[in-house]
Amino acid sequence: AQKVTQAQTEISVVEKEDVTLDCVYETRDTTYYLFWYKQPPSGELVFLIRRNSFDEQNEISGRYSWNFQKSTSSFNFTITASQVVDSAVYFCALRGGGGSNYKLTFGKGTLLTVNP
Amino acid sequence: NAGVTQTPKFQVLKTGQSMTLQCAQDMNHEYMSWYRQDPGMGLRLIHYSVGAGITDQGEVPNGYNVSRSTTEDFPLRLLSAAPSQTSVYFCASSKLRGWDQPQHFGDGTRLSIL
């Protein structure tokens with residue numbers, strides 16, 4: 001069974017602070033894929049990044065960076081110099097790579113509020 | 001580009017009524033799925049389909065039916081609405097080949113059952 005845990009229910013920061021959103025996953029698959037989605041107050045779900053289990057290279061995209069560590073089963077997301085527009089619910093998700101397993105398992109989400 | 005289109009955006013039903021939530025995608029995606037989002041619960045998979053004529057149950061299928069007669073459409077039917085089905089429903093689609101393909105989501109349907 002797959003499981004994704006986002007232990008932080010809500011985080012509140014002041015603009016320009018750095019913030020890290022934690023994601024811990026469980027899977028028996030040796031091949032799997034991890035995703036982060038953003039849900040702004042308008043409600044749509046926006047894909048941010050994917051990472052496969054073979055690629056532990058961390059990634060930086062502008063103010064966003066992702067830290068994938070298989071040894072701790074974690075896929076954390078950091079926003080540098082946060083802005084009010086970053087306020088949203090962020091979801092971490094896992095898709096296993098076994099057979100025809102296309103199901104995506106989501107964590108419960110972390111509500112990030114960036115205050116001016 | 002339309003992407004994934006869900007209708008209606010809002011709906012209020014009375015307990016016991018039935019209705020169909022529509023989902024259509026124009027990206028020729030084989031995989032389509034329905035999720036419900038409840039406060040503090042994240043997104044939970046209701047049903048999914050890997051192609052026309054093929055559907056399967058997700059995590060919370062009870063009270064819902066689906067069918068996939070075409071690649072483009074994947075309607076979700078509530079058979080007899082209950083207050084516990086008050087939720088925001090999202091339809092998503094993706095390419096089947098390649099597990100790394102991100103799912104594209106519709107804008108959601110906010111459903112209230114009175």
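Structure report, in brief. Predicted model only: the values in this text are computed from it and were never measured.

Some thoughts on the overall build of chain A
Across its full length, chain A holds zero helices and 12 strands. Helices and strands in chain A line up, N terminus first, as β-β-β-β-β-β-β-β-β-β-β-β. Relative to its length of 116 residues, chain A is compact, with a C-alpha radius of gyration of 14 Å against a globular reference of 13 Å. Taken over the C-alpha atoms alone, chain A extends approximately 45 × 25 × 20 Å along its principal axes. Within the span of chain A, comprising 116 residues, buried residues form 47% of the whole. For chain A, restricting intrachain contacts to residue pairs at least 6 apart in sequence, the fraction spanning at least 24 positions comes to 56%. As presented, chain A carries roughly 5,600 Å² of accessible surface, and 48% of it is formed by carbon and sulfur atoms.

Describing the interface of chain B and chain A
Of the residues lining the interface, 22 residues belong to chain B; the matching set on chain A comes to 22 residues. Across the chain B to chain A interface the summed buried area is about 1,900 Å²; carbon plus sulfur atoms make up 60%. For the pair chain B and chain A, the number of links is zero salt bridges. Seen at the junction of chain B and chain A, the total is two residue pairs in polar contact (both at pLDDT 80 or more).

What to know about the pairing of strand β8 (residues 64-69) of chain A
Residue and element names in this part refer to chain A. Side chains Y64, W66 and F68 of β8 all project onto a buried face; the interleaved residues S65, N67 and Q69 project onto a face where none is buried. As paired elements, strand β7 (residues 59-61) and β8 share three bridges and run antiparallel to each other. The residue of β8 that forms the bridge with S61 is Y64. Here β7 folds back onto β8 in antiparallel fashion, the turn holding two residues, of which G62 has a positive phi close to 65°. Bridge count between β8 and strand β9 (residues 74-79): six bridges; the pairing is antiparallel. Counted as the bridge partner of W66 is F77 from β9. Counting the residues between successive antiparallel strands, the hairpin from β8 to β9 contains four residues, one of them, S73, with a positive phi of roughly 50°.

Brief notes about the sheet that holds strand β8 (residues 76-78) of chain B
Residues and elements named next belong to chain B. Spatially, β1-β3-β8-β7 is the arrangement adopted by the four strands of the open sheet, whose pairing is antiparallel. Looking at the sheet topology across the chains shown, the edges are occupied by β1 (4-7) and β7 (64-66). Taking each pair of neighbouring strands and ignoring which way they run, the sheet shows an average axis angle of 20°. Relative to β8, β7 runs antiparallel, the two sharing three bridges. For Y64, the partnering residue across the bridge sits in β8 and is L78.

Remarks on the side chain of T78(A)
Residues and elements named next belong to chain A. Residue placement: T78 occurs in strand β9. Looking at T78, its side chain comes within polar contact range of the side chain of T20, at 2.8 Å. Each residue touching T78, except ones within four places of it in the same chain, is listed here: V19, T20, R63, Y64 and S65.

What about the side chain of Q6(B)?
Residue and element names in this part refer to chain B. Topologically, Q6 is positioned in strand β1. Residue Q6 is classed as buried on the basis of its relative accessible area of 4%. Within the structure, the side chain of Q6 is placed 2.9 Å from the backbone nitrogen of C91, a separation counted as a polar contact. Non-local contacts of Q6, meaning those with residues more than four positions away in its chain, are made with Q22, W34, Y89, F90, C91, G106, D107, G108 and T109.

Describing the state of the cysteines
Residues and elements named next belong to chain A. Going through the model one piece at a time under the given rule, you end up with two disulfides over all chains. A sulfur-sulfur distance of 2.0 Å marks the disulfide that ties C23 to C92. Between C23 and C92 the sulfur-sulfur dihedral comes to about -65°; the bridge is accordingly left-handed. Residue C23 is located in the loop between β3 (19-21) and β4 (24-26), and its partner C92 is located in strand β10 (residues 88-96); the two are separated by 69 residues in the primary sequence. You can call C23 buried: its relative accessible area is 0%.

About the cut-offs
- Residues numbered from 1 in each chain as written.
- Chains lettered and ligands numbered in written order.
- Predicted model: local features only at pLDDT ≥ 70, side-chain atom pairs only at ≥ 80, totals over all residues.
- Heavy atoms only, no water.
- Helix = DSSP H or I, 4+ residues; strand = E, 2+ residues; numbered from the N terminus.
- Rg over C-alpha atoms; globule rule 2.2 N^0.38 Å.
- Buried < 20%, exposed > 50% of the residue type's maximum accessible area, 1.4 Å probe, protein only.
- Contact = heavy atoms within 4.5 Å.
- Areas by Shrake-Rupley, 256 points an atom, 1.4 Å probe, with all protein chains shown as cover.
- Buried area = accessible area lost by both parts, 1.4 Å probe.
- Salt bridge = Lys/Arg side-chain N within 4 Å of Asp/Glu carboxyl O.
- Polar contact = N/O pair within 3.5 Å; in protein donor to acceptor, adjacent residues only side chain to side chain.
- Pairing = 2+ DSSP bridges.
- Axes fitted to C-alpha atoms, helices over the stretch in contact; angles between N-to-C directions.
- Disulfide = S-S within 2.5 Å.

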